[in-house]
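Tertiary structure, described
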Amino acid sequence: MTASSVLTKRADFLAANRGLRVPTPGFVLLARPNDGHGVRYGITVTKKIGNAVVRNRMKRRFRELLRAHLPAGGLPDHDHVLIGREGGVERDFAKLSDELADALGRAARGEGQKGRPPRRRRSR
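A brief report on the enclosed structure follows. Just so it is clear, the model here is predicted, and its values are computed rather than measured.

**Quick notes on the nonpolar core**
Soluble globular proteins: nonpolar side chains tend toward being buried together. Among the nonpolar cores identified, the biggest contains 22 residues, and Phe-27, Leu-29, Phe-62, Leu-66, Leu-82, Leu-100 and Ala-107 are the most heavily contacted of them. Every element with two or more residues in this core is listed here: β1 (20-23), β2 (27-33), β3 (40-44), α2 (52-73) and α3 (93-109). Contact partners of Phe-62, with chain neighbours within four places excluded, come to Gly-26, Phe-27, Ile-43, Val-45, Leu-82, Ile-83 and Gly-84. Counting residues in hydrophobic clusters, the runner-up holds six residues, among them Ala-16, Val-28, Leu-30 and Val-81.

Spelled out as structure tokens, the structure:
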């Protein structure tokens with residue numbers, strides 16, 4: 001995984017939110033085709049999860065999981081986004097690894113929930 005394969009723009013995260021959703025106990029995987037940009041990934045952990053130390057620990061764990069699984073199991077030319085869930089930081093790393101492998105397999109088969117429609121902008 002290279003630095004160019006990391007999602008940083010808000011528009012990419014919003015586009016991924018309209019893709020396939022695969023929920024697991026530790027995280028939610030979003031997968032969406034990206035028009036030939038290769039395998040890219042992003043990580044989101046909200047402040048509801050905990051303080052900065054907890055959120056950063058969760059993001060480090062997710063990055064390591066993605067480095068291990070995306071080269072072999074990632075969908076080609078797709079954006080993959082992991083959204084941290086409440087119990088994700090306490091979960092065993094091996095369980096998270098198994099959940100990610102299962103979630104990537106489900107996404108490849110098209111199993112999962114349909115993406116959410118974009119929010120409408122407020123009129124002024």
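Picking up where we left off.
**Focus: α3**
Spanning 17 residues, α3 covers 24 Å between terminal C-alpha atoms, matching the ideal 24 Å at 1.5 Å per step. Of all the positions in α3, only Leu-96, Ser-97, Glu-99, Leu-100, Ala-103, Leu-104 and Ala-107 are classed as buried. Looking straight down α3, one finds that the buried residues subtend no more than 165° of arc, so they occupy a single side. Those residues of α3 that are exposed and angled more than 90 degrees off the buried face are Asp-98, Ala-108 and Arg-109.

**Re unusual backbone geometry**
The residue Asp-35 is not glycine, and still its phi comes out positive at about 60°. Position of Asp-35 among the secondary structure elements: in the loop between β2 and β3.

**A closer look at α2**
The end-to-end C-alpha separation of α2 is 30 Å, in line with the 32 Å expected for 22 residues at 1.5 Å each. At Arg-67, α2 shows its largest bend, some 30°, and a proline, Pro-71, comes one to four positions later. Buried within α2 we find Arg-55, Met-58, Arg-61, Phe-62, Leu-65, Leu-66, His-69 and Leu-70. Contact partners of the buried residues in α2: β2, β3, β4 (78-84) and α3. The N-cap of α2, judged by a side-chain oxygen 3.2 Å from the amide nitrogen of Val-53 a few residues on, is Asn-51.

**Some remarks on the packing of aromatic side chains**
For any pair of aromatic rings, the description rests on two quantities: the centre-to-centre distance and the angle between the ring planes. For the coordinates displayed, the defined rule picks out one aromatic pair. For the pair Phe-27 and Phe-62, a centre-to-centre distance of 5.9 Å together with 75° between the ring planes defines the contact as edge-to-face. Of this pair, Phe-27 sits in strand β2 while Phe-62 sits in helix α2; the two residues are 35 residues apart in sequence, bridging distant segments of the chain. Look at Phe-27 and you get buried, because its relative accessible area is 0%. Accessibility expressed as a relative area gives 0% for Phe-62, which makes it buried.

Rules and cut-offs
Residues numbered from 1 in each chain as written. Predicted model: local features only at pLDDT ≥ 70, side-chain atom pairs only at ≥ 80, totals over all residues. Heavy atoms only, no water. Core = buried A, V, L, I, M, F, W, Y, C linked by side-chain atoms within 4.5 Å. Buried < 20%, exposed > 50% of the residue type's maximum accessible area, 1.4 Å probe, protein only. Helix = DSSP H or I, 4+ residues; strand = E, 2+ residues; numbered from the N terminus. Contact = heavy atoms within 4.5 Å. Expected span 1.5 Å × (residues − 1). Arc of directions from axis to C-beta. Bend = angle between axes of the 7 residues up to and from the residue. Polar contact = N/O pair within 3.5 Å; in protein donor to acceptor, adjacent residues only side chain to side chain. Phe/Tyr/Trp six-rings, centres within 6.5 Å; stacked < 30°, edge-to-face > 60°.

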